[in-house]
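Breakdown of the fold
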Amino acid sequence: MPPKVVTNQDLEKLMETSDDWIRQRSGIVTRHHVEPGIGTSDLAAEAARRAIEDAKVDPATIDFIVAATLSPDYYFPGIGVLVQAKLGLGHIGALDIRDQCSGFIYALAVSDQFIRTGTYRRILLVAAEVQSSNLDFSDQGRDMAVLFGDGAGAVILEPNDSGNGRGILSTHLYADGNFASHLWMEKPSSRDNPTFRPEFFDQGRFFPRMDGRNVFVNACQRMPEAVKASLEQNGLTVEDIDVLIPHQANDRISLMVAKGLKIPEHKVIRNIDRIGNTTAASIPIALDEAVREGRIKSGHLVAMTAFGSGYTWASALVRW
Ligand SMILES: CC(C)(COP(=O)(O)OP(=O)(O)OC[C@H]1O[C@@H](n2cnc3c(N)ncnc32)[C@H](O)[C@@H]1OP(=O)(O)O)[C@@H](O)C(=O)NCCC(=O)NCCS
């Protein structure tokens, strides 16, 4: 997380909102914002460095990078190549995944396939977002501006040849592009020629926008469905789950997902009160905290699920 903490009271000074409203509707109390000049690849590189250190691997043995973000430093290239350069990882390939809040699980699925086929043996998967630099902090954008924060998380993936059953059991990926405009950043668009026009800027169309209610309803339905599909495929039941990590979209959504699955709240990881919604980075940040706090232990069955712009949604089952 970048060091700067932004409270609900800080936001009250920028727009017509209140600490009460934000807490009640989203469960969020604080979120982190970068200082100007810090980009998504900077947070990603820092998370990647820490993951490499924790995993105690020689960076020279990493043979591929998968990066997930909706807020790259540049329109192009993506952040994967920037992380590679910042960490001096040589000429290994770097793939950017564009599946927004579901980005981490999509990236996990892609990495898992590369490893299962033997294409790569050690993958750096990093998910990072800087959203604070392009949120509408006026009253018009307050529904989104209070929810989103900046942050990054990373994992190192490699094959488990030991036969002890630990690792990624399965991933399930879904999308419905008919809902693209319900949660999107409409501009800049390749449909416009020229792409960048002052009137779009004046109309606030370079800011992300959403239909919050529609997102809410779909998120509450799709995440439990995705988890159930993964359990079914593995012959497991909800009772087998030790820890559920839902994408931290809104605490009310996380609680609805828990209710939909009939999973007790003490098994659900919730850190949105301090972190806000960090889209692709939210699951790896929550995973890291849960592991450090001892809530995830060796042998635990960890279910992850996400929903977001696209719409995209996904689940992963991991035997830790
Ligand atoms: C955005 C969200 C918190 C709004 O909560 P809600 O209970 O649906 O609230 P409503 O949409 O009914 O809005 C209620 C009112 O609060 C206002 N409002 C919106 N944002 C506000 C804010 N930050 N502060 C104060 N009032 C706000 C609305 O303008 C609306 O006013 P109106 O009734 O005069 O039109 C909720 O819809 C949500 O969390 N959606 C999912 C968002 C999400 O997770 N997005 C990322 C996807 S991964």
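Preceding this section is the structure that the text describes.
Residues numbered from 1 in each chain as written. Predicted model: local features only at pLDDT ≥ 70, side-chain atom pairs only at ≥ 80, totals over all residues. Heavy atoms only, no water.

1. Regarding the sheet that holds strand β3 (residues 64–68)
For clarity, the cut-off: For two strands to pair, DSSP has to find at least two bridges joining them. The helix and strand labels rest on DSSP assignments: H or I over at least four residues marks a helix, E over at least two residues marks a strand, and numbering proceeds from the N terminus. Between the N-to-C directions of two axes lies an angle of 0 to 180 degrees, each axis being a line fitted to C-alpha atoms and, for a helix, fitted only over the stretch in contact. What makes two residues a contact is simply this: any of their non-hydrogen atoms within 4.5 Å.
Pairing is mixed across the open sheet formed by four strands, whose spatial order is β4-β3-β5-β6. Single-partner strands in this sheet number two, and they are β4 (93–97) and β6 (151–157). Each neighbouring strand pair of the sheet contributes to a mean axis angle of 15 degrees, computed without reference to strand direction. As paired elements, β3 and strand β5 (residues 123–129) share five bridges and run parallel to each other. Each residue of the ladder has a partner; that of Phe-64, found in β5, is Ile-123. Strands in contact with helix α11 (residues 282–292) are β5 and β6; relative to β6, the strand with the most contacts, it is inclined by about 70 degrees.

2. Considerations on the packing of helix α8 (residues 212–233) against helix α9 (residues 251–261)
A pair of packed helices can be characterised by two numbers: the angle between their axes and the separation between those axes. Using the following cut-off: An angle counts as roughly parallel when it lies under 35 degrees, as roughly antiparallel when it exceeds 145, as roughly perpendicular when it falls between 65 and 115, and as oblique in every other case. For any pair of crossing helices, the crossing counts as left-handed if the nearer helix is rotated counterclockwise from the farther one by less than a right angle, and right-handed if it is rotated clockwise. Note on residue classes: Ala, Val, Leu, Ile, Met, Phe, Trp, Tyr, Cys and Pro are nonpolar, Asp, Glu, Lys and Arg are charged, and everything else, Gly too, is polar.
Two elements in contact, α8 and α9, have axes separated by 9 Å at closest approach and are oriented at 45 degrees. As summarised for this structure, α8 and α9 are arranged oblique, according to the angle between their axes. Crossing hand, α8 versus α9: right-handed. Only Arg-252, Ile-253, Met-256, Val-257, Gly-260 and Leu-261 of α9 make contact with α8, whose side of the interface consists of Phe-216, Ala-219, Cys-220, Met-223, Pro-224, Val-227 and Lys-228. For the contact of α8 with α9, the class distribution of residues is 10 nonpolar, one polar and two charged.

3. A word on the sheet that holds strand β7 (residues 167–175)
Read across the sheet, four strands follow the order β7-β12-β11-β10 without closing on themselves; strand pairing throughout is mixed. Edge positions in the open sheet fall to β7 and β10 (243–246), since each of these has one partner strand only. Pairs of neighbouring strands in the sheet enclose a mean axial angle of 10 degrees, with direction left out of account. Note that β10 and strand β11 (residues 301–308) share four bridges and pair parallel. From the neighbouring strand, Leu-244 faces β11, where its bridge partner is Ala-303. Docked against the sheet, helix α5 (residues 103–116) engages β7, β11 and β12 (312–319), running at close to 130 degrees with respect to β7.

4. So, the environment of His-32
Note the cut-off: Only protein chains enter the calculation, and the probe is 1.4 Å; a residue is then buried if its accessible area is under 20% of its type maximum, exposed if over 50%, and partly exposed in between. Polar contact is the term for a pair of N or O atoms within 3.5 Å; when the atoms are in protein, one must be able to donate a hydrogen and the other to accept it, and sequence-neighboring residues count only if both atoms are side-chain atoms.
In this fold, His-32 is placed in strand β2 (residues 30–32). Under the relative-accessibility criterion, His-32 is labelled buried at 13%. As a C-alpha pair, His-32 and Asp-150 span 118 residues in sequence and 5.6 Å in three-dimensional space. Ignoring sequence-local partners within four residues, the contact set of His-32 consists of Met-1, Pro-2, Pro-3, Lys-4, Val-5, Gly-149, Asp-150, Arg-274 and Ile-275. Within the structure, the side chain of His-32 is placed 2.6 Å from the backbone oxygen of Pro-2, a separation counted as a polar contact.

5. So, the site of the ligand
Under the convention used in this document: We call a residue near a given molecule or strand whenever any one of its heavy atoms falls within 4 Å of it. Method for areas: the Shrake-Rupley scheme with a 1.4 Å probe, in which residue coverage is limited to the protein chains shown.
In the vicinity of the ligand there are 23 residues, among which Thr-17, Arg-25, Gly-212, Arg-213 and Asn-250 approach most closely. Here Arg-213 contributes a side-chain N or O atom positioned 2.5 Å from an oxygen atom of the ligand. Burial of the ligand by the protein amounts to 74% of the accessible area it has alone, namely 970 Å². For the shell around the ligand, the elements supplying multiple residues, two or more each, are α2 (19–26), α6 (142–145), α8 and α9. Per-element tally for the shell around the ligand: the top contributor is α8, with four residues. Of the residues in the shell around the ligand, the class split is 12 nonpolar, five polar and six charged.

6. Some remarks on the nonpolar core
Quick reminder of the rule: To form a nonpolar core, buried Ala, Val, Leu, Ile, Met, Phe, Trp, Tyr and Cys residues must be joined to one another through side-chain atoms within 4.5 Å.
One finds Val-227, Ile-241, Leu-244, Ile-253, Leu-261, Ile-263 and Phe-307 to be the most contacted residues of the largest nonpolar core, which totals 37 residues. At the level of secondary structure, the elements contributing two or more residues to this core comprise α6, α8, α9, β11 and β12. Of the residues forming this core, the biggest block, eight residues, is contributed by α8. Apart from residues lying up to four places away in sequence, Ile-263 is in contact with Val-238, Ile-241, Leu-244, Ala-258 and Val-268. In this structure, Val-66, Ala-107, Val-155 and Ala-290 belong to the second largest nonpolar core, which totals 31 residues.

7. A word on the pattern of salt bridges
Keep this limit in mind: The salt bridge definition used is simple: a Lys or Arg side-chain nitrogen within 4 Å of an Asp or Glu carboxyl oxygen.
Taken as a whole, this structure holds 19 salt bridges when the rule is applied. Between Asp-10 and Lys-13 there is a salt bridge, with its nearest N and O atoms 3.8 Å apart. Here Lys-86 makes a salt bridge to Asp-42, at a shortest N to O gap of 2.9 Å. Of this pair, Lys-86 sits in helix α4 (residues 79–87) while Asp-42 is found in helix α3 (residues 40–55), placing the two residues 44 residues apart along the sequence. Of the residues examined, Asp-42 reaches a relative accessible area of 27% and is grouped as partly exposed.

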